[in-house]
Amino acid sequence: MGSSASSDWVGAELGDLLDYVQPSKYIVESTDYNDSYKTPVLTAGKSFIKGYTNETQNIFENLPVIIFDDFTTASQFVSFKFKVKSSAMKILVPSSELVNIKYVFYFMRTIRQNADTHKRYWISIFSKLLIKLPPLVEQRAIIKEIESRFSVCDRLYQEIERSLQKAEALRQSILKKAFEGRLLTESELAACRAALDWEPAQQLLARIQAQTSQGPRR
């Protein structure tokens, strides 16, 4: 990537780079979802895909886009055809050739907005936010770098999740044995800790980064 101080970078408000589409036309009519159906029904929140519908009319197809919850400010990047769950969102589409919409999406993820008032945040706050744009080729390079780093985070989460599952199994074993009339001895606890295969956080991160830089294991 080039220097962040490059004179090629320009500033713009998000509202100058993105238009919004109201979702009313694309709201699913029936919530009788089934995983065998084709079209996902989306929300901008953590659940993201609420289910799948067999409805074939009014499917959003102008991709990619950002879906933005107008009341919570949650957002999701979408690159596949979809319908939506409710009208409490805006579908953000690029209106300028200066911007890669995924670059804007990652920028929006850096914004921490206190969404504790009942108002529509796209028009009042987010559309007025200033973003710095490098040339498109550099935007793509930044996106690639972000996603490379995110792959390290994903691996780290997986490792932590496995350790948490092992720790929960140990917790259940301690409880079970306690109600059978005995507690784990120190040597048994030491063996359990070894089985958990714990390692220092910095060492764990360094190992995952090394594995990720070598590409996926086959």
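Structure first, text after, so check above.
Residues numbered from 1 in each chain as written. Predicted model: local features only at pLDDT ≥ 70, side-chain atom pairs only at ≥ 80, totals over all residues. Heavy atoms only, no water.

(A) Geometry of the overall build of the chain. Counting secondary structure elements, the chain contains six helices and nine strands. Burial statistics for the chain: of 218 residues in total, 32% are counted as buried. Sequence-distant contacts in the chain: of pairs separated by 6 or more residues, those separated by 24 or more amount to 71%. (Helix = DSSP H or I, 4+ residues; strand = E, 2+ residues; numbered from the N terminus. Buried < 20%, exposed > 50% of the residue type's maximum accessible area, 1.4 Å probe, protein only. Contact = heavy atoms within 4.5 Å.)

(B) Seen up close, the pairing of strand β5 (residues 65-69). In terms of residue burial, β5 counts as a mostly covered element, since five of its five residues are buried. Both faces of β5 are covered, namely the face carrying Val 65, Ile 67 and Asp 69 and the face carrying Ile 66 and Phe 68. If you look at the hairpin formed by β5 and strand β6 (residues 75-78), you'll find five residues sitting between the two strands, and Thr 73 has a positive phi there, around 70°. As paired strands, β5 and strand β8 (residues 89-94) are joined by four bridges and run antiparallel to one another. Along β8, the bridge assignment pairs Ile 67 with Ile 91. (Pairing = 2+ DSSP bridges.)

(C) Quick look at the sheet that holds strand β3 (residues 39-42). On the basis of which strands lie adjacent, the open sheet formed by three strands has the order β4-β3-β7 and mixed pairing. Strands with a single pairing partner mark the edges of an open sheet, and in this sheet they are β4 (49-53) and β7 (83-84). In this structure, β3 lies alongside β7, joined through two bridges in parallel fashion. When the sheet's bridge partners are listed, Leu 42 is paired in β7 with Val 84.

(D) Fine view of the nonpolar core. Counting 24 residues, the largest nonpolar core has Leu 18, Ile 66, Val 104, Met 108, Trp 122 and Ile 131 as the members making the most contacts within it. Every element with two or more residues in this core is listed here: α1 (14-17), β5, α2 (101-108), α3 (121-124), β9 (130-133) and α4 (136-178). Sort the elements by how many residues they give to this core and α2 lands first, with seven residues. Residue contacts for Ile 131: discarding those within four places in its chain leaves Val 10, Gly 11, Ala 12, Leu 14, Leu 17, Tyr 103, Val 104 and Phe 107. Membership of the second largest hydrophobic core comes to 13 residues, among which are Tyr 26, Val 78, Met 89 and Val 93. (Core = buried A, V, L, I, M, F, W, Y, C linked by side-chain atoms within 4.5 Å.)

(E) How the structure looks around the sheet that holds β6. What the four strands build is an open sheet, ordered β2-β8-β5-β6; its pairing is antiparallel. The open sheet has two free edges, formed respectively by β2 (18-21) and β6, since each of these has just one partner strand. Neighbour to neighbour, the strand axes of the sheet diverge by 30° on average, direction disregarded. Bridge count between β2 and β8: four bridges; the pairing is antiparallel. Paired with Val 21 across the bridge in β8 is Ile 91. (Axes fitted to C-alpha atoms, helices over the stretch in contact; angles between N-to-C directions.)

(F) Region of the structure containing α2. Counting buried positions along α2 yields seven of eight residues, so the element is predominantly enclosed. For α2, the full list of buried residues reads Ile 101, Tyr 103, Val 104, Phe 105, Tyr 106, Phe 107 and Met 108. Between a side-chain oxygen at the N-terminus of α2 and the backbone nitrogen of Lys 102 the separation is 2.9 Å; the capping residue is Asn 100. (Polar contact = N/O pair within 3.5 Å; in protein donor to acceptor, adjacent residues only side chain to side chain.)

(G) Broad picture of α4. The end-to-end C-alpha separation of α4 is 62 Å, in line with the 63 Å expected for 43 residues at 1.5 Å each. Those residues of α4 not exposed but buried are Glu 138, Gln 139, Ile 142, Ile 143, Val 152, Arg 155, Glu 159 and Leu 170. (Expected span 1.5 Å × (residues − 1).)

(H) Highlighting the pattern of salt bridges. Going through the model one piece at a time under the given rule, you end up with eight salt bridges. With a shortest N-O distance of 3.8 Å, Glu 55 and Lys 83 are connected by a salt bridge. Highlighted residues: Glu 55 in the loop between β4 and β5 and Lys 83 in strand β7, separated in sequence by 28 residues. The exposure classification of Glu 55 matches that of Lys 83, with both residues buried. Its salt-bridge partner being Lys 176, residue Glu 180 comes within 2.5 Å of it at the nearest N-O pair. Lys 176 shares its class with Glu 180; the two are exposed. In the salt-bridge network here, residues are joined through shared partners; they are Asp 70, Lys 90 and Arg 120. (Salt bridge = Lys/Arg side-chain N within 4 Å of Asp/Glu carboxyl O.)

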